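# Geometric and topological summary
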Amino acid sequence: MLLLTRGRLARMGEGSGGYDLIDDAAMVISADKIEWVGAISVLPAQYADLPHHDLGGRLVTPGLIDCHTHIVFGGDRAREFEMRLEGATYEEIARSGGGILSSVRNTREADEEALLTQSLPRVDALLAEGVTTLEIKSGYGLTVQDELKMLRVARRIAEVRAVTVRTTWLAAHALPPEYKDDRAGYIRDVVIAGMQQGHAEGLIDAVDGFCEGIAFSRDEMAAIFDAAAQLGLPVKLHAEQLSDLHGAEMAAQHGALSSDHLEWLGQDGIDAMAASGTVAVLLPGAFYTLRETKYPPLQALRDAGVPIALATDCNPGTSPLTSILLTMNMGATLFRMTPVECLTGVTRHAATALGLRDRGQLSPGMRADLAIWDASHPAELTYRIGFNPLHARIVGGEFV
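The protein chain has the name Imidazolonepropionase in an unreviewed UniProt entry, where Paracoccus aestuariivivens is given as its organism. The record in UniProt for the protein chain states the following under Function (unreviewed entry): "Catalyzes the hydrolytic cleavage of the carbon-nitrogen bond in imidazolone-5-propanoate to yield N-formimidoyl-L-glutamate. It is the third step in the universal histidine degradation pathway." Annotation of the protein chain in UniProt includes, under Pathway (unreviewed entry), the sentence "Amino-acid degradation; L-histidine degradation into L-glutamate; N-formimidoyl-L-glutamate from L-histidine: step 3/3."

### Considerations on the domain arrangement of the protein chain
Reports often express the size of an interface as the amount of accessible area lost when the parts come together. You can read the domains of the protein chain as domain 1 (2–62 + 361–399) and domain 2 (64–354). Domain 1 and domain 2 are separated by 30 Å when their C-alpha centres are compared. Between domain 1 and domain 2, roughly 1,800 Å² of surface is buried when both sides are summed, and carbon and sulfur atoms account for 62% of that area. If you sort the residues of domain 1 by the area they bury against domain 2, Met 12, Thr 382 and Arg 393 come out on top, with a joint share of 33%.

### What to know about the layout of surface pockets
Its volume calculated, the second largest pocket comes out at about 220 Å³. As for the second largest pocket, its lining consists of 14 residues, of which Ile 308, Glu 341, Thr 344, Arg 348 and His 349 are closest to the centre. At the level of secondary structure, the elements contributing two or more residues to the lining of the second largest pocket comprise helix 11 (298–304), helix 13 (339–345) and helix 14 (348–353). Broken down by element, the residue count for the lining of the second largest pocket peaks at three residues, all from helix 13. Residues that form the lining of the second largest pocket fall into these classes: six nonpolar, five polar and three charged.

### Side note on the packing of helix 6 (residues 183–200) against helix 7 (residues 218–230)
Think of two packed helices as two axes; the pair is described by the angle between the axes and how far apart they sit. Where helix 6 meets helix 7, the axes come as close as 10 Å, and the angle between the chain directions of the two elements is 25°. Taken together, helix 6 and helix 7 sit at an angle that is classed as roughly parallel. Between helix 6 and helix 7 lies a crossing whose hand is right-handed. Contact with helix 6, carried on its side by Arg 183, Ile 187, Val 191, Ile 192 and Met 195, involves Glu 220, Ile 224, Ala 227 and Ala 228 of helix 7 and no other residues of that element. Tallied by class, residues from the contact of helix 6 with helix 7 come to seven nonpolar, no polar and two charged.

### Looking at the UniProt feature "binding site: Zn(2+)" (unreviewed entry) in the protein chain
Mapped onto the present numbering, the UniProt feature "binding site: Zn(2+)" (unreviewed entry) falls at His 68, His 70, His 238 and Asp 313. These annotated residues cover 246 residues of sequence, and their C-alpha atoms all fall within 12.3 Å of one another, placing them together at a single site. As for its position among the elements, His 68 is in the loop between strand 6 (64–66) and helix 1 (78–85). Once residues within four sequence positions are removed from consideration, His 68 is found in contact with Glu 135, Lys 137, His 238, Asp 260, Val 281, Leu 283, Ala 311, Thr 312, Asp 313 and Cys 314. A distance of 2.7 Å separates polar atoms of two side chains, one belonging to His 68 and the other to Asp 260. With respect to the helices and strands, the residue His 70 is situated in the loop between strand 6 and helix 1.

### A short note on the pairing of strand 14 (residues 370–373)
Of the two faces of strand 14, both are covered, the one formed by Leu 370 and Ile 372 as well as the one formed by Ala 371 and Trp 373. Two elements, strand 5 (residues 59–62) and strand 14, share four bridges in a ladder whose sense is antiparallel. Bridge pairing in strand 14 links Pro 62 to Leu 370. Pairing of strand 14 with strand 15 (residues 390–395) involves four bridges; the strand directions are antiparallel. From the neighbouring strand, Trp 373 faces strand 15, where its bridge partner is Leu 390.

### Thoughts on the pairing of strand 2 (residues 21–30)
The pairing of strand 1 (residues 2–10) with strand 2 spans six bridges and is classified as antiparallel. From the neighbouring strand, Gly 7 faces strand 2, where its bridge partner is Ala 25. One ladder, built from six bridges, connects strand 2 with strand 3 (residues 33–39); its direction is antiparallel. Residue Ile 29 lies in a different strand from strand 3, and its bridge partner there is Ile 34. Between strand 2 and the antiparallel strand that follows it, strand 3, lie two residues; Ala 31 among them carries a positive phi value of about 55°.

Reading the values: the criteria
- Residues numbered from 1 in each chain as written.
- Predicted model: local features only at pLDDT ≥ 70, side-chain atom pairs only at ≥ 80, totals over all residues.
- Heavy atoms only, no water.
- UniProt positions renumbered as here; feature names shortened; annotations may be inferred.
- Domains from an automatic or database assignment.
- Buried area = accessible area lost by both parts, 1.4 Å probe.
- 1 Å grid on protein atoms, 1.4 Å probe; cavity = no way out; pocket = protein on both sides within 12 Å on 5 of 7 lines; lining within 4 Å.
- Points joined across faces, edges and corners; volume = space filled by probe spheres on them.
- Helix = DSSP H or I, 4+ residues; strand = E, 2+ residues; numbered from the N terminus.
- Nonpolar A, V, L, I, M, F, W, Y, C, P; charged D, E, K, R; others polar.
- Axes fitted to C-alpha atoms, helices over the stretch in contact; angles between N-to-C directions.
- Parallel < 35°, antiparallel > 145°, perpendicular 65-115°, else oblique.
- Left-handed = near helix turned anticlockwise from the far one by under 90°.
- Contact = heavy atoms within 4.5 Å.
- Polar contact = N/O pair within 3.5 Å; in protein donor to acceptor, adjacent residues only side chain to side chain.
- Buried < 20%, exposed > 50% of the residue type's maximum accessible area, 1.4 Å probe, protein only.
- Pairing = 2+ DSSP bridges.

Below is the structure:
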């Protein structure tokens, strides 16, 4: 057991409506769980003689959670970024071999070792900013073999780094060239058959899809979600990013953990998400990179009581973002979220978006994932730009 003393704890407790701060606080950690939290003045006598670590008045929050990433992929698309700024259109870039198919080609060509080597620096950037739980999607292989390869790499990341990884099957991300005239065949042979194989191999924690005019329809995604339900797999959805196809409403009807992006979300989707407890995951990195002008309906989500999370959406094309702290600042600056909402969005609500009820708060029984900061107030984590005040992480009860 370990006793932490003299910390300023932002407990982020459910129902607190704020940071739920305790000054001059203590925390008892037993194995990988939090056993006791409170003011040091009321520390039970049974804990007084434990080995202790003096936090020196530092701020302590739950370990941060990035609940939406595509962080495993081959190659990069920096040259396409340059081409767009030089005036090339998306269509011109695609015809020259760019776009998502460029990432698909590079991901297919890379073996597991190469993908792991390329992905770890991106992961390390997030861990260095206090992330202790990370979601990783497939979606750049678009064959059964290559999609499963991505998820095997995601599982390996959790073996070589002190982080919890949740894996998501996202074969319904785009239609590969070899199936351009056979959408039903791709859904049958790759999306659903691969999902079944990945589930049998223990590689899939959840199922996702891109519901958009350039990707998959609401009805196609509903059929995929029905197949996921037969396997007992939870679902989530890229929804209403470019148009309102009412995907979020459909996802909520399937009990989705989250719907993500949501710039074009309508009231029907908001009401359905509120009824089902589906989390709204906002992705300001993609909004910024694509220079979008349609804002997610933040106030309507608030009014309906929909939990709101934030994530990096780290990917090679539309959100090459590996900073959870900058994501928080973008959530505030671009979307006008409050600093409390931003921190809740990368702790408690992000945990809910992954179906994890054992983290995201500093309370007894929760997993002992903590971020310790050289900061005095939680708002500093959202306020600063390009500054990382992380002092240390505690993951599963152990200092990293």
